[in-house]
Amino acid sequence: MSLNIVISNDDGVYAPGINVLFEVLSEIANVVMVAPLEERSTTGHTLTLDHPLRVVKIKENTYGCSGYPADCALMGFGHIVEKSTVDLFISGINRGANLGQDIYYSGTVAAAREATFHNIPSISVSSAMDFESNKTPNNDYFYTAANFIKKLVLADIHKHIDPMTVININVPEVLESEIKGAEVTHLGFRRYSENIDKRTDFRSREYYWIGGNYNGHNNDAGSDCSVVEEEKISLTCLNLLSQTTEEPSKWRKFLDELS
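No experiment lies behind these values; they were computed from the predicted model shown. (Residues numbered from 1 in each chain as written. Predicted model: local features only at pLDDT ≥ 70, side-chain atom pairs only at ≥ 80, totals over all residues. Heavy atoms only, no water.)

Side note on the nonpolar core
Core analysis: the biggest nonpolar cluster contains 35 residues, and Ile5, Ile7, Ile90, Ile123, Ile149 and Ile169 have the highest contact counts within it. The greatest single-element share of this core, amounting to eight residues, is contributed by helix α4 (residues 139-154). Apart from the residues within four sequence positions on either side, Ile149 is in contact with Leu21, Leu25, Ile90, Ile123, Val125 and Ile169. Formed by 15 residues, the second largest nonpolar core is a distinct cluster that contains Met75, Val81, Phe89 and Ala111. (Core = buried A, V, L, I, M, F, W, Y, C linked by side-chain atoms within 4.5 Å. Buried < 20%, exposed > 50% of the residue type's maximum accessible area, 1.4 Å probe, protein only. Helix = DSSP H or I, 4+ residues; strand = E, 2+ residues; numbered from the N terminus. Contact = heavy atoms within 4.5 Å.)

Here it is in structure tokens:
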């Protein structure tokens, strides 16, 4: 097996999603896992710059890191594995979707983005599990995602990912036999209530929880949100340097009118 893959996540080194991915990809590639020692969900692109990082070897080719997902990516291809030998970096499989504007909060996407900054082809992958559904969490859903990633790897996807581009994949919460296809999508927009819950502790001091409920997504055909709702796999190309032709000219005009 000549293909070298580094994987990480934000759910932690013991999370079932990343361990299913490790198991499936190890059948076809050399895989090294470097993931947080504790859950780091919704931490975005945080880097640890103010205190040391600790790395623990969990088992062969599996390491836990005290830092955040982007730290784990750097540790993976900057220390544990020689960067020049890494063919592909994959972050996931996340428990819960990373759709629409969620990508800006996501530690899963951030780990893949960090690899992209270092010119390593990268993928982030999430299983769109509903944390409040009546479905019992089941590794079968992670295998749905892992087997799709395996197909991409066997098709040499790392040779097709453009520089400065993260491939963000979201897989619906269904069995592999129930998937209705896969589509290339654009980012949608998800709506949340974003409530601030004010409470009082036993010392009569106020504290707050940032919460809120998911209130659905905009009805945007071809978006990642809509496609996953149709029980199809969404593949979104996140080009970190892309700009539309209209945007720069609009802002140049705006600045010209100021002077």
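What to know about the pairing of strand β5 (residues 88-95)
Within β5, seven of the eight residues are buried, which leaves the element mostly enclosed by the surrounding structure. Note that strand β1 (residues 4-8) and β5 share four bridges and pair parallel. Bridged to Ile5 within β5 is Leu88. With five bridges connecting them, β5 and strand β6 (residues 122-128) associate as parallel partners. Considered in β6, the bridge of Ile90 is made with Ile123. (Pairing = 2+ DSSP bridges.)

Take it as geometry only, folks, not as evidence of what the structure does.
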